[in-house]
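What follows is the residue order along each chain.
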Amino acid sequence: ENMSKDIDEMEGMLNDYLQFAKTQAKENTSTINLGDLFNGIKKDLKNENLTLENLEKTILTGRASSLKRCFENVINNGLIYGKKVYVSLHKSSNRIIINIEDDGPGIPEDQYRNVFKPFFRIDKSRSLNKSGVGLGLAIVEDIINSHGGTIQLGKSKYKGLQVKIALPF
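Bear in mind the structure is a predicted one, so any value in this text is a computation, not a measurement. (Residues numbered from 1 in each chain as written. Predicted model: local features only at pLDDT ≥ 70, side-chain atom pairs only at ≥ 80, totals over all residues. Heavy atoms only, no water.)

1. Description of the overall build of the chain
Across its full length, the chain holds four helices and seven strands. Against the globule reference of 15 Å for 169 residues, the chain gives a C-alpha radius of gyration of 16 Å, in line with a compact fold. Structurally, the chain occupies a C-alpha span of about 50 × 40 × 30 Å along its principal axes. Counting all 169 residues of the chain, 47% fall into the buried class. By sequence separation, contacts in the chain at least 24 residues apart represent 68% of the contacts at least 6 residues apart. Within the structure as shown, the chain displays about 9,000 Å² of accessible surface, and the carbon and sulfur contribution to it stands at 51%. Looking at the chain, you have 24 positive and 21 negative side-chain charges, and the mean spots of the two groups are 4 Å apart. (Helix = DSSP H or I, 4+ residues; strand = E, 2+ residues; numbered from the N terminus. Rg over C-alpha atoms; globule rule 2.2 N^0.38 Å. Buried < 20%, exposed > 50% of the residue type's maximum accessible area, 1.4 Å probe, protein only. Contact = heavy atoms within 4.5 Å. Areas by Shrake-Rupley, 256 points an atom, 1.4 Å probe, with all protein chains shown as cover. Lys, Arg positive; Asp, Glu negative; His and termini not counted. Charge placed at Lys NZ, Arg CZ, Asp CG, Glu CD.)

2. Let's talk about the nonpolar core
The biggest cluster of nonpolar side chains holds 40 residues, and the ones touching the most others in it are L34, F38, F71, I75, I98, I100 and L167. Excluding residues within four positions of it along the chain, F71 makes contact with L34, L37, F38, I41, I98, I100, I165 and L167. (Core = buried A, V, L, I, M, F, W, Y, C linked by side-chain atoms within 4.5 Å.)

3. Regarding the sheet that holds strand β7 (residues 161–168)
The five strands are arranged β2-β4-β5-β7-β6 in an open sheet whose pairing can be described as mixed. Where the open sheet ends on each side, the last strands, each with one partner, are β2 (50–55) and β6 (150–155). Taking the axes of each pair of neighbouring strands and ignoring which way they run, one obtains an average angle of 15° across the sheet. In this structure, strand β4 (residues 85–91) lies alongside strand β5 (residues 95–102), joined through seven bridges in antiparallel fashion. Each residue of the ladder has a partner; that of Y86, found in β5, is E101. Strands in contact with helix α2 (residues 34–45) are β2, β4 and β5; relative to β2, the strand with the most contacts, it is inclined by about 170°. Against the sheet, helix α3 (residues 64–81) makes contact with β2, β4, β5 and β7, and its axis sits at roughly 25° relative to β5, the strand it touches most. (Pairing = 2+ DSSP bridges. Axes fitted to C-alpha atoms, helices over the stretch in contact; angles between N-to-C directions.)

Any functional reading would require information that these geometric values do not contain.
And the structure:
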């Protein structure tokens, strides 16, 4: 019976993903103020444990609701596995670096590549979302790549996971 529960979950997630992929394909690019975007996420999440540390004013062109969904996804993961999540933005000459760090258990380094695979599960205790199977980071990577950006995992200074996203502007 566990199997059919898993299959139902996967079906639900795939439907969500397909729905999302369709709307993402149609979404127009616009000018985005990243500081405003993150302040909006903080307001939506109503979570005291999300700290926006350094929001340099950065304007880039992209698909706003896709990027918002992508950042929310990473932040929510951090809030599920850790107590606190810290977001900071740093500009270099042509890229903006978005650092999202948590104080959770982190992910073993040899699993960094795997967590971007759809439906990958590190172990039962750290499922990638509450239900256990995850398309989460597969979608995140997709959105970042389609904006010409990169995403890297590492250890955060809070002992948890650091997700480092670089986007051109």
